Amino acid sequence: MQAVEQPTSASELRALAWTTLLVPVCTVYARSACRRLRPGCPRLAALFPTFLVFIYLPCLFNSLHLRLLSTFFHTWLATNKLVLLALGIGPLHPSLPVLPFVLCAGLPIKLRADGGHHHHPTDKSSLPVADLLFPCARSFVFLTCLALLHPHTGSLPLYAVHYLYCAQIFLTLDLVFSSAGLVAAAALGTAMERQFRAPLVVASVNDFWGRQWNLMAVDLLRASAYAPVRARWGRDAGVLAAFLMSGVLHELLYWYMTLEHPTGEMLLFFTLHAAFHVAERWARAAGLWRPPKAAAYVLGTAFMVVTISELFFGPFIRAGIDVRMMQESAAAVELVRAVAKRLIIRPLGPVSA
């Protein structure tokens, strides 16, 4: 099976240019169509071409990092938001002004529940920059450290290495999401909700998937899978539907990243977590599962690391995705180092002996 080609500066800049053009065009068209059509089949038919564009966009990229982010931004989030818009629900509404609509459709951002009102410039506690700039800087510093540490992880236990992989995924997504939120907050003058809340230590499967990890995706899964299934078949069926939908989307991600047939392990991983999600809630309600806080963190984090290592990372590692992504990270660090050296050292001139 053909693998994804190696990225070049020209190929990725070309892909970014097309993406920068197509995403606003598709979202402005979707807003215009939905202002004229009623929710339901008319909107779905009108928006169907945009779904195809967003599904294709990740294929433009050869960088696995950019392909992953495009899959999440466009194939998952943007398409899901537009499907919900076509049905008259979800975070988008055709009455939104053009710029907020385009940014909310094309980026993983969510206005704060207070309505995203403009904040007084002297109220430092509510400035959007204060909320997002520190996570950007923190994630960048730790990602740089992980990239430098990777060549020296050969002697570490497998689960320790995979925990570092989890940290890299979290830091990468947090950096990208916080950066996107920072740009949107500056453009709109409103504060954005954070999408992650300390997911590297887990005390509860319910808390991890409901309150700690990728809250934008959680909200969309709740609206598109959980709520309609729960309304008909109950809460547990709704939970299973949401996890199954997430499993299918991750199988799609595996195809985008490897161009190989999905293995089903992503679906198994999310089915297992759905079962533990329901079982944990039942046990808590019956008073059978109330461990001490420290024990809950140890057991919860161990469960997440082991299941992620065995079922989630396994297919990607066998396809060599982890090695290639680490190579891309190391190349990015070297690029940043070279640019910094050129910007800092060159103006100072050569140091005299």
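See above for the structure.
Rules and cut-offs
- Residues numbered from 1 in each chain as written.
- Predicted model: local features only at pLDDT ≥ 70, side-chain atom pairs only at ≥ 80, totals over all residues.
- Heavy atoms only, no water.
- Phe/Tyr/Trp six-rings, centres within 6.5 Å; stacked < 30°, edge-to-face > 60°.
- Helix = DSSP H or I, 4+ residues; strand = E, 2+ residues; numbered from the N terminus.
- Buried < 20%, exposed > 50% of the residue type's maximum accessible area, 1.4 Å probe, protein only.
- Core = buried A, V, L, I, M, F, W, Y, C linked by side-chain atoms within 4.5 Å.
- Contact = heavy atoms within 4.5 Å.
- Salt bridge = Lys/Arg side-chain N within 4 Å of Asp/Glu carboxyl O.

Peer 1: How should I be thinking about the packing of aromatic side chains in this particular structure?
Peer 2: Each aromatic ring pair is specified by the distance between its two centres and by the angle formed by the two planes. This structure, assessed with the given rule, holds 19 aromatic pairs. Taking 5.4 Å as the distance between ring centres and 20° as the angle between the ring planes, the aromatic pair formed by F72 and F177 counts as stacked. One end of the pair, F72, is in helix α3 (residues 64-86); the other, F177, is in helix α6 (residues 158-188), and 105 residues separate them in sequence. Looking at F72, the relative accessible area reads 6%, which means it is buried. Centroid distance F208 to W209: 4.8 Å. Interplanar angle 85°. Geometry classified as edge-to-face.

Peer 1: Honestly, the nonpolar core in this entry has me stumped. Any pointers?
Peer 2: Generally speaking, a soluble globular protein has its nonpolar side chains buried in company with each other. Judged by nonpolar contacts, the single largest core of 54 residues is most densely connected at W209, F312 and F316. The leading source of residues in this core is α6, at 8 residues. Apart from residues lying up to four places away in sequence, W209 is in contact with V218, F243, F269, F270, H273 and M304. Listed in part, the 25 residues of the second largest apolar core include A30, L85, A86 and M192.

Peer 1: Which parts of the structure should I look at to understand the pattern of salt bridges?
Peer 2: Side-chain pairing between opposite charges can occur once the charged atoms of the two side chains come close. Under the criterion given, the structure shown has 5 salt bridges. Note that R222 and D219 form a salt bridge whose closest N and O atoms lie 3.0 Å from each other. Here D219 and R222 lie together in helix α8 (residues 215-233), a separation of 3 residues that amounts to about one turn. Accessibility expressed as a relative area gives 25% for D219, which makes it partly exposed. For the salt bridge of E265 with R318, the shortest nitrogen-to-oxygen distance reads 2.5 Å. Placement of the pair is E265 in helix α10 (residues 265-285) and R318 in helix α11 (residues 293-318), with a sequence separation of 53 residues. Taking relative accessible area as the criterion, E265 reaches 17% and is therefore assigned buried. Classification of R318 by relative accessible area gives exposed; the value is 58%.

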